[in-house]
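The lines below spell out each chain.
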Amino acid sequence: MTEETGVGGDDGRTPEVTAAGVRPGPRQAWAALPWLVRTAVAWSACLIVVIIGLYLVGKVAVLLAPLAIALAVTLFLAALLDPVLLLLRRLRVPGAPAALLTILLLLGILVGVGVLVWRLTAAQFGELSDQLGAGLQRSRDFVTSTLPVSDAQLDKLIDQVRSGFGGGFDPVGGARTAAEVAGSTLLALVLLFFLLKDGRSMWRWVLRRLTGPNRDVTAEAGRAGWRTLGAYSRGTMIIAAIDAIGIGLALVLLGVPLALPLALITFLGGFIPIIGATVAGAVAVLVALAAKGPTTALLVLAAVIAVQQIEGNLLEPLIMKRQVQLHPAVILVVVTAGTLIAGIAGAFVSVPIAAVAYRVVDTVQRHRERVAAATPRSAG
C-alpha cells in the first residue's frame, strides 16, 4: 500500500500526501493557509451574513412600513414618558390609570402647542413660502452671475432633481398615505398604553423563559438598551428645544420675520441628527436672505453655526453623557442609510436603533469579558 501511495500517475506527477500517506482534506488545506488569510475570510463571511440580515430586516420593515413606524414611535415615546409613569406609580396610582394619565398629558401638550403655534403663525405660513421662493430666486441670481452656469443649464438641473423626487400629486396615493398615517397613529397610541401599563411585566415574562447565564446577560443588555433609548429620546428633545430657542432669539434680534415658524422647524429638525439641523438652518438663512438681504443672512448663518457648535461640543456631551456613544461620522452614515431606506421616518429611527444596538452589543461583550476573567480564579 505504501508503494502504491508513493508511485506517480501516468503523467509522471506525484500527488501530495501527508506523513500518514493520505491526501490533505479541506481541514488540512484551511489550516495550511496563513492566519491573516483565515482571519480575513472569517470576518468577510461574518460581514456578508450581517449585511444580508440587515437587508432582509430592512425589506420587511419597508413592506410593513405602517406597523414598523408605529412600533418605533411607541418605543420612542415610551422611553421618553417612562419617568412620568414612574412618578405616578410612586404616588400610588395604579398601572392602567397611570398609563392613561401619561398619554393624556402627552396629547395635551402636543395639542396645546399645536393650537398655540397655529393661532400665532397660521397667516404667516403662506408668507413663509413666499419668502423661501424669494430667497431661492436671490440664490439663483447669485449662482448665475458668479458661476459659469446659464439659466437654461440651471433649469435643466432643477428639472432633473424634481423628476428624481417623483411626479405630481396623486389623490389616490395621498388618501392612502393619510389613511396609513391615521392608522399608524392610532395603533401607536394603543401600543403605547399597553407598553406603559404592562411593559415591565412583559419583560419579566421574557426573562423567565431564559435559563442559566443567558438570563443575566439578557437582563443586563435589556436594561442598558432601555436606558440608552430613554437618554436619547429625552436628550434629543432637550437639545432640539435649546436649538430652537437659540436660533429663534437670534432671528428675533436680527429682525427676521417668521421667527416662530422657523424656530418650530428648527425644533422638529433637531430630531434628525446633523441633516435635520442643517436643513432647518438653511431654511432660516434663505428667509433672512429674502427678507433682509445678504448681510443679515450671513449673520443668521453665523448664529446658526454658533448655536450648533455649542450644542454639539458642550450641550450634547453634557446632556447625553455617555449613554449614546456614536461618532458623528457613524451618525451621518446611519442617517443617510435610514433616509435612503425609509425616507424621513428612516432618518428619525436610524440613530436610536444604532445607539441601542451598539449599547446592547457592548454590554454583552463586557459581560463575556467579566465571565472569562473570573473563570480562571474560580477554577483555581
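Being a predicted model, the structure only gives us computed values, none of them experimental.

**Student:** Describe in detail the nonpolar core, supporting the description with residues and values.
**Tutor:** Leu-77, Leu-192, Leu-196, Leu-326, Val-335 and Val-351 are the most contacted members of the largest nonpolar core, which has 26 residues in total. Look past the residues within four positions of Val-335 in its chain and what remains in contact with it is Ile-272, Pro-273, Ile-275, Ala-347, Ser-350 and Val-351. If you look at the next biggest cluster of nonpolar residues, it comprises 15 residues, including Leu-251, Val-285, Ala-297 and Val-300.

**Student:** Can you break down the packing of helix 9 (residues 213–253) against helix 10 (residues 259–269) residue by residue, with the values?
**Tutor:** Two elements in contact, helix 9 and helix 10, have axes whose closest approach is 8 Å; the angle formed by their N-to-C orientations is 155°. In terms of their interaxial angle, helix 9 and helix 10 are classed as roughly antiparallel. Both helix 9 and helix 10 take part in a crossing whose hand is right-handed. Contacts between helix 9 and helix 10 involve Met-237, Ala-240, Ala-241, Asp-243, Ala-244, Ile-247, Gly-248, Leu-251 and Val-252 from the former and Ala-259, Leu-262, Ala-263, Thr-266 and Phe-267 from the latter. Considered class by class, the residues forming the contact of helix 9 with helix 10 number 11 nonpolar, 2 polar and 1 charged.

**Student:** Tell me what's going on with the packing of aromatic side chains, and back it up with residues and numbers.
**Tutor:** Aromatic rings in a pair are described by how distant their centres are and how their planes are angled relative to each other. Applying the stated rule across the entire model yields 6 aromatic pairs. On the basis of an interplanar angle of 80° and a centroid distance of 6.4 Å, the ring pair of Phe-76 and Tyr-232 is categorised as edge-to-face. Placement of Phe-76 in helix 4 (residues 65–90) and of Tyr-232 in helix 9 is noted, with a sequence separation of 156 residues between them. As far as burial versus exposure is concerned, Phe-76 and Tyr-232 are alike and both buried. Pairwise contacts between aromatic rings join Phe-76, Tyr-232, Phe-267, Phe-271 and Phe-348 into one cluster.

**Student:** I'd like a rundown of the layout of surface pockets, residues and numbers included.
**Tutor:** In this model, the second largest pocket occupies a volume close to 1600 Å³. As for the second largest pocket, its lining consists of 45 residues, of which Leu-77, Leu-110, Phe-267, Leu-268 and Phe-271 are closest to the centre. It is helix 4 that provides the largest number of residues to the lining of the second largest pocket, a total of 12 residues. Of the residues contributing to the lining of the second largest pocket, the split by class is 38 nonpolar, 6 polar and 1 charged.

**Student:** Tell me about a positive patch on the surface, and please be specific about residues and values.
**Tutor:** On the surface, a cluster of positive charge is made up of Arg-204, Arg-208, Arg-209 and Arg-215. With respect to the element layout, Arg-215 can be found in helix 9.

**Student:** Describe the pattern of salt bridges, naming the residues involved and giving the relevant values.
**Tutor:** Under the definition given, this model contains 5 salt bridges. Between Arg-200 and Asp-82 there is a salt bridge, with the nearest N and O atoms lying 3.0 Å from each other. Taken together, the positions of Arg-200 in helix 8 (residues 171–208) and Asp-82 in helix 4 put the pair 118 residues apart, joining distant regions of the chain. On the basis of relative accessibility, which here comes to 40%, the residue Arg-200 falls in the partly exposed class. Between Asp-198 and Lys-197 there is a salt bridge, with its nearest N and O atoms 3.1 Å apart. By relative accessible area, Lys-197 is classed as partly exposed at 32%. Because the salt bridges share partners, they merge into one network encompassing Arg-359, Asp-362 and Arg-366.

The rules behind these values
Residues numbered from 1 in each chain as written. Predicted model: local features only at pLDDT ≥ 70, side-chain atom pairs only at ≥ 80, totals over all residues. Heavy atoms only, no water. Core = buried A, V, L, I, M, F, W, Y, C linked by side-chain atoms within 4.5 Å. Buried < 20%, exposed > 50% of the residue type's maximum accessible area, 1.4 Å probe, protein only. Contact = heavy atoms within 4.5 Å. Axes fitted to C-alpha atoms, helices over the stretch in contact; angles between N-to-C directions. Helix = DSSP H or I, 4+ residues; strand = E, 2+ residues; numbered from the N terminus. Parallel < 35°, antiparallel > 145°, perpendicular 65-115°, else oblique. Left-handed = near helix turned anticlockwise from the far one by under 90°. Nonpolar A, V, L, I, M, F, W, Y, C, P; charged D, E, K, R; others polar. Phe/Tyr/Trp six-rings, centres within 6.5 Å; stacked < 30°, edge-to-face > 60°. 1 Å grid on protein atoms, 1.4 Å probe; cavity = no way out; pocket = protein on both sides within 12 Å on 5 of 7 lines; lining within 4 Å. Points joined across faces, edges and corners; volume = space filled by probe spheres on them. Patch = residues over 30% accessible without salt bridge, like charges linked within 9 Å, V, L, I, M, F, W, Y side chains within 5 Å. Areas by Shrake-Rupley, 256 points an atom, 1.4 Å probe, with all protein chains shown as cover. Salt bridge = Lys/Arg side-chain N within 4 Å of Asp/Glu carboxyl O. Lys, Arg positive; Asp, Glu negative; His and termini not counted. Charge placed at Lys NZ, Arg CZ, Asp CG, Glu CD.

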